[in-house]
Amino acid sequence: MARAALGWIDAELASLDAKGLRRSLEPLASAQGPVVTVGGRPLVNLCSNDYLGLAGDPRLRRAAAEAAEREGAGSGAARLVAGDLAVHGRLERALAAFEGTEAALLFGSGYHANAGVPAALVGRDDAVFSDVLNHASIIDGCLLSRAELLRYRHADVGELESLLAASRARRKLVVTDTIFGMDGDAAPLAEIADACERHGAMLYVDEAHATGVLGPNGAGLADALGLRDRVDVRMGTLGKALGSFGAHVAGERRLVQLLVSRARTFIFTTALPPAACGAALAALEVVRAEPERRARVHALAARAKAGLARLGFELPRVVAPILPVVLGGEARAVAASRALRERGYFVRAIRPPTVPRGTSRLRVALSASHTEAHVDGFLGALEEVLRELPPE
Ligand SMILES: *Cc1c(COP(=O)(O)O)cnc(C)c1O
């Protein structure tokens, strides 16, 4: 029964359709993996963030099931009430060891972490400095903090530096993705850390696409660049390369203590279910014991990158297994995605507001569980599709 008060929604949806911005769900009839069943057909999956191929790993599945058997299906309460289960503490200690920090704190998801942590660190008299391409959850967290939000051009440390120099804010917080999820490029983290130290600013990095993927131990870009001690707040997600769900913030013990008392997205939400924590613990063990998975996904990405360069897509800044094939208009990206799907490849079109207008794209993401044949087959299919695609 259609409620009259919701009548405006029809026009809103029609307007999204007209602009090519209507989004829709695509149910998978299989588990997460390198090949998934969509619309009754097996498709090579090139749009998940399961970089190490762990989401479907039998060891994670078993660890999830065992944690649920032992500690329950749900955690039943917020951590600060009656939901602080043994598995939470065990996972936080493992994450702190992985990150090489004094402490770590679990959040419900990366979105929760980014939405809630800035407000615990800065407020009305303060300023946040954010790369324009930072993830939407960071923007939301900055807005919720009520601090002045100053956005600098993508990876432009010169502009960041002048904004920092001009600011009279009481406290300053610089926030950046380490790997930008829609472009696969890296933040100039050493230069950003220099700028923060010169201007007495705190540095908060979001390692969502780098956790498990970069660094000698897989702890992310700060780890890869030897900058772990120059970052104040390190956030990572358990939902991408670690194949589970949830997120963590790692840093000094006093930081974690403050977040426990101040981060509203930690305080006012039910604790992670044991299964997600059990799977994440198993994933950390795989990341430690099988560094070849990281090597494997980077080798596949290098192969795809070379192939894309032959098709005219040079991606010199890409350092992650994320390969943006920028096609321009929304309709063009959607047409390419559809044509690839007919050829057996699942790569969804990424459109505004996820990416800036005029840069709609196919975002190709690889996993350690893909094969060379998946990559080569995709490159062949893309070559055909590009030939058929109308010019901009
Ligand atoms: C995916 C992502 C998040 C959100 O993490 P979830 O655990 O999926 O909620 C935050 N930041 C960045 C940069 C991301 O790519």
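Reading the values: the criteria
- Residues numbered from 1 in each chain as written.
- Predicted model: local features only at pLDDT ≥ 70, side-chain atom pairs only at ≥ 80, totals over all residues.
- Heavy atoms only, no water.
- Helix = DSSP H or I, 4+ residues; strand = E, 2+ residues; numbered from the N terminus.
- Rg over C-alpha atoms; globule rule 2.2 N^0.38 Å.
- Buried < 20%, exposed > 50% of the residue type's maximum accessible area, 1.4 Å probe, protein only.
- Areas by Shrake-Rupley, 256 points an atom, 1.4 Å probe, with all protein chains shown as cover.
- Lys, Arg positive; Asp, Glu negative; His and termini not counted.
- Charge placed at Lys NZ, Arg CZ, Asp CG, Glu CD.
- Near = heavy atom within 4 Å.
- Polar contact = N/O pair within 3.5 Å; in protein donor to acceptor, adjacent residues only side chain to side chain.
- Pairing = 2+ DSSP bridges.
- Domains from an automatic or database assignment.
- Contact = heavy atoms within 4.5 Å.
- Buried area = accessible area lost by both parts, 1.4 Å probe.
- Salt bridge = Lys/Arg side-chain N within 4 Å of Asp/Glu carboxyl O.
- Axes fitted to C-alpha atoms, helices over the stretch in contact; angles between N-to-C directions.
- Parallel < 35°, antiparallel > 145°, perpendicular 65-115°, else oblique.
- Nonpolar A, V, L, I, M, F, W, Y, C, P; charged D, E, K, R; others polar.

Right, let's get into the overall build of the protein chain. Scanning the protein chain from terminus to terminus reveals 15 helices and 13 strands. Taken against the 2.2 N^0.38 rule, which gives 21 Å for 392 residues, the C-alpha radius of gyration of the protein chain at 21 Å falls within 12% of a compact globule. Principal axes of the C-alpha set define a box for the protein chain whose edges measure 55 × 55 × 55 Å. Put simply, the protein chain has 392 residues, and 54% of those count as buried. Of the roughly 17,300 Å² of accessible surface on the protein chain, a fraction of 54% belongs to carbon and sulfur atoms. For the protein chain, the distance from the average site of its 47 positive side-chain charges to the average site of its 45 negative ones is 3 Å.

Let's shift gears to the site of the ligand. Contacts to the ligand come from 13 residues, most closely from Gly110, Asp206, His209, Thr237 and Lys240. Aspartate 206 is positioned such that a nitrogen or oxygen atom in its side chain is 2.5 Å from a nitrogen atom of the ligand. With respect to the ligand, the side chain of lysine 240 contributes an N or O atom lying 2.5 Å from an oxygen atom. Here the ligand has 380 Å² of accessible area as a free molecule, and 85% of this is covered by the chains. No other element matches helix 5 (residues 110-121), which puts 3 residues into the shell around the ligand.

Take the sheet that holds strand 11 (residues 345-346) next. Hydrogen bonds along the backbone pair up the strands of a sheet, which may run parallel or antiparallel. Taken in spatial order, the 3 strands of this open sheet run 1-2-11, and their pairing is mixed. Whereas interior strands pair on both sides, the edge strands pair on one side only; in this sheet they are strand 1 (35-38) and strand 11. Pairing of strand 2 (residues 41-45) with strand 11, which is carried by 2 bridges, proceeds in the parallel orientation. Counterpart to valine 44 in the pairing with strand 11 is tyrosine 345.

Right, let's get into the domain arrangement of the protein chain. Examined at the domain level, the protein chain breaks down into domain 1 (21-51 + 291-388) and domain 2 (58-289). The distance between the C-alpha centroids of domain 1 and domain 2 comes to 26 Å. The interface is formed by 22 residues belonging to domain 1 together with 28 residues belonging to domain 2. Taking both partners together, domain 1 and domain 2 bury about 1,700 Å²; carbon and sulfur atoms supply 55% of that area. For the domain 1 face of the interface with domain 2, the top three residues by lost area are Tyr51, Arg294 and Arg317, together amounting to 32%. Its salt-bridge partner being aspartate 185, residue arginine 317 comes within 2.9 Å of it at the nearest N-O pair. For the pair domain 1 and domain 2, the number of links is 12 residue pairs in polar contact (both at pLDDT 80 or more). Mapped by element, the contributors of at least two residues to the side of domain 1 that touches domain 2 are helix 13 (292-310), strand 10 (322-328) and strand 13 (360-365). When residues in the side of domain 1 that touches domain 2 are grouped by element, the largest group, 4 residues, is from helix 13.

One can describe the packing of helix 5 onto helix 10 (residues 253-262) by two numbers: an axis separation of 10 Å at closest approach and a directional angle of 105°. Taken together, helix 5 and helix 10 sit at an angle that is classed as roughly perpendicular. Contacts between helix 5 and helix 10 involve Val117, Ala120 and Leu121 on the former and, on the latter, Leu255, Leu258, Leu259 and Arg262. Of the residues belonging to the contact of helix 5 with helix 10, the class tally is 6 nonpolar, no polar and 1 charged.

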